[in-house]
Amino acid sequence: MSQTILSAHDLCKSFAHNGGQVHVLNHIDLEIYEKDFTVVMGASGSGKSTLLYALSGMDKATSGQVLFDGKDLVKMKEKELAKLRSHDFGFIFQQMHLISNLTLFENVAVPGYLNNERSTADVKARADELLKQMGIFDVKTHRPSQVSGGEQQRCAIARAVIHLPKLLFADEPTGALNRKNTVEVLDLMTDLNRKGQSILMVTHDVRAALRASRLLYLEDGKVIGEMTLPPYEKEEEKSRETQVNAWLSSMKW
Ligand SMILES: Nc1ncnc2c1ncn2[C@@H]1O[C@H](COP(=O)(O)OP(=O)(O)O)[C@@H](O)[C@H]1O
Ligand SMILES: [Mg+2]
């Protein structure tokens, strides 16, 4: 039985707009399971980012509950949320948001010190190990502007997991990448998941969705469909693509 790591109950998010309200998330009930690679698909504007922000405590839901580790994120104060985000969660975005005057190594290592739980030697060793795993060890003394977009995103992934987050959130992590870099980044995320990293990714990239062990479909602020898949294997990508495309068609993708 898979353990629930995060759940949402009757989750709503509305924005004030032109004197009225736009209801972006409409009474969502959702469980995210440990060690899954959960991917939320949906058209542009369907509320994927809004959902990710609400589930990860980057933004407050309007109503409902988001439960993690027995606590409701919707009720938390900003200070407590900030601690949760930096301690238990990791984040990857379309834009890498690396610090431009730090080297790749420093970009990865710095958040490792944030919670003051690990020794300098420990953090440095883990940063080097991650830089190797991400294939960017040789350019670790470069600054972000001196490496490719793909290398920047690989650095951002290393930074996102340096503190061993319980759940890694990703919002369109391949959105700014070419095809080759997209595959590399997805391979690295797949590899992290194989090693036990729980991932929640939102995307409208079918190539990214193929990596899911569980796929959800968001439309009009509701989860309208779901599919579970066996672990991703590169050799079987073609048949997986056919299966996922058939499911997406049934969602009127
Ligand atoms: N801060 C905001 N204020 C007003 N409307 C917003 C805000 N953020 C998102 N929206 C609206 O919510 C809807 C969903 O946006 P978003 O979650 O970014 O969708 P997706 O990530 O699926 O493309 C869009 O119609 C968007 O305009
Ligand atoms: Mg989005």
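Each chain has its residues counted from 1, following the order in which its sequence is written. Chains carry letters and ligands carry numbers; both start at the beginning, A for chains and 1 for ligands, and go up in the order they are written. Predicted model: local features are reported for residues with pLDDT of at least 70 only, side-chain atom pairs are reported and counted for 80 or more only, and whole-chain, interface and lining totals are derived from all residues. The basis for every side-chain value is the complete set of non-hydrogen atoms in the structure, without hydrogens or water.

(A) Main features of the overall build of the protein chain. For the purposes of this entry, the term helix denotes a DSSP run of H or I that reaches at least four residues, the term strand denotes a run of E that reaches at least two, and both are numbered from the N terminus. The number of helices and strands found in the protein chain is eight helices and ten strands. For a compact globule the rule gives 2.2 Å times the number of residues to the power 0.38, and the radius of gyration it is set against comes from C-alpha atoms. By the compact-globule yardstick of 18 Å for 253 residues, the protein chain fits well, its C-alpha radius of gyration being 18 Å. Reported as C-alpha extents along the three principal axes, the dimensions of the protein chain are approximately 50 × 45 × 45 Å. Type-normalised accessible area, obtained with a 1.4 Å probe on protein chains alone, sets the label of each residue: buried when under 20%, exposed when over 50%, and partly exposed for intermediate values. Within the protein chain, buried positions represent 51% of all 253 residues. Contacts between residues were defined by any pair of non-hydrogen atoms, one from each residue, lying within 4.5 Å. A fraction of 70% describes how many contacts in the protein chain between residues 6 or more apart in sequence connect residues 24 or more apart. For the protein chain, the exposed surface amounts to about 12100 Å²; the carbon and sulfur share of it is 50%. Counting rule applied: Lys, Arg positive; Asp, Glu negative; His and chain ends not counted. One atom stands in for each charge, and that atom is NZ of Lys, CZ of Arg, CG of Asp or CD of Glu. Across the protein chain, the centroid of the 31 positively charged side chains sits 3 Å from that of the 32 negatively charged ones. Reported accessibility uses the Shrake-Rupley method at a 1.4 Å probe radius. Residues are deemed covered only where the shown protein chains occlude them.

(B) Broad picture of the packing of helix α3 (residues 104-113) against helix α5 (residues 149-161). Axis geometry follows a simple rule: fit a line to the C-alpha atoms, using only the stretch in contact for helices, then measure angles between N-to-C directions, giving values from 0 to 180 degrees. Look at α3 against α5: their axes get within 7 Å of each other, and the N-to-C directions meet at 20 degrees. As far as their axial angle goes, α5 and α3 are roughly parallel. The chirality of how α3 crosses α5 is right-handed. On α5, the residues touching L104, N107, V108 and P111 of α3 are C155, A158 and R159. Three residue categories are used. Nonpolar comprises Ala, Val, Leu, Ile, Met, Phe, Trp, Tyr, Cys and Pro, charged comprises Asp, Glu, Lys and Arg, and polar comprises the others, including Gly. The class makeup of the residues in the contact of α3 with α5 is five nonpolar, one polar and one charged. Throughout this description, any angle smaller than 35 degrees is read as roughly parallel, any larger than 145 degrees as roughly antiparallel, any in the 65 to 115 degree range as roughly perpendicular, and the remainder as oblique. The hand of a helix crossing depends on one turn: near helix anticlockwise from the far one by less than a right angle means left-handed, and clockwise means right-handed.

(C) Structural view of the packing of aromatic side chains. Side-chain rings of Phe, Tyr and Trp, where Trp is taken by its six-membered ring, are said to pair if the distance between their centres is within 6.5 Å; with planes under 30 degrees apart they count as stacked, over 60 as edge-to-face, and otherwise as tilted. For the coordinates displayed, the defined rule picks out seven aromatic pairs. When the centroid spacing of 4.9 Å and the interplanar angle of 75 degrees are considered together, the rings of F68 and F89 count as edge-to-face. In this pair, F68 is assigned in strand β4 (residues 63-68) and F89 in strand β6 (residues 89-92), connecting sequence segments 21 residues apart. The pair F68 / F89 is uniform in exposure class, with both members buried. Both rings, one in F91 and one in F169, keep their centres 5.5 Å apart while their planes meet at 15 degrees; by these two values the pair is stacked. Linking F91 in strand β6 with F169 in strand β7 (residues 167-171), this pair joins segments that are 78 residues apart in sequence. Here a set of aromatic residues connected by ring pairs shows up, and it is made of F68, F89, F91, F93 and F169. For the cation-ring pair, K132 lies above F137, with the distance from its terminal atom to the ring centre recorded as 4.8 Å. For a Lys NZ or an Arg CZ to count as sitting over a ring, it must be within 6 Å of the ring centre and within 35 degrees of the ring normal.

(D) Up close: the site of ligand 1. Every residue close to ligand 1 is listed here: F15, V24, A43, S44, G45, S46, G47, K48, S49 and T50. In protein, a polar contact means a hydrogen-donor-capable atom and an acceptor-capable atom, both N or O and within 3.5 Å, with residues adjacent in sequence counting only if both atoms are side-chain atoms; elsewhere, any N or O pair within 3.5 Å suffices. Contact between ligand 1 and T50: an oxygen atom at 2.5 Å from a side-chain N or O atom of the residue. Surface burial for ligand 1 is 58%, taken as the share of its 560 Å² of free accessible area covered by protein chains. Counting residues per element, the shell around ligand 1 draws most heavily on helix α1 (residues 48-56), at three residues. Across the shell around ligand 1, the residue classes tally to three nonpolar, six polar and one charged. It suffices for a single heavy atom of a residue to lie within 4 Å of a molecule or strand for the residue to be listed as near it.

(E) Fine view of the pattern of salt bridges. Here a salt bridge means any side-chain nitrogen of Lys or Arg lying within 4 Å of a carboxyl oxygen belonging to Asp or Glu. In the structure shown here, the tally under the stated rule is 15 salt bridges. Measuring nitrogen to oxygen at the nearest pair gives 3.6 Å for the salt bridge that ties K75 to D72. With a relative accessible area of 65%, K75 lands in the exposed category. For the salt bridge of E241 with R207, the shortest nitrogen-to-oxygen distance reads 4.0 Å. Of the two residues, E241 is situated in helix α8 (residues 237-250) and R207 in helix α7 (residues 206-209); the sequence distance between them amounts to 34 residues. Of the residues examined, E241 reaches a relative accessible area of 18% and is grouped as buried. Residue classification places R207 among the partly exposed positions, given a relative accessible area of 24%.

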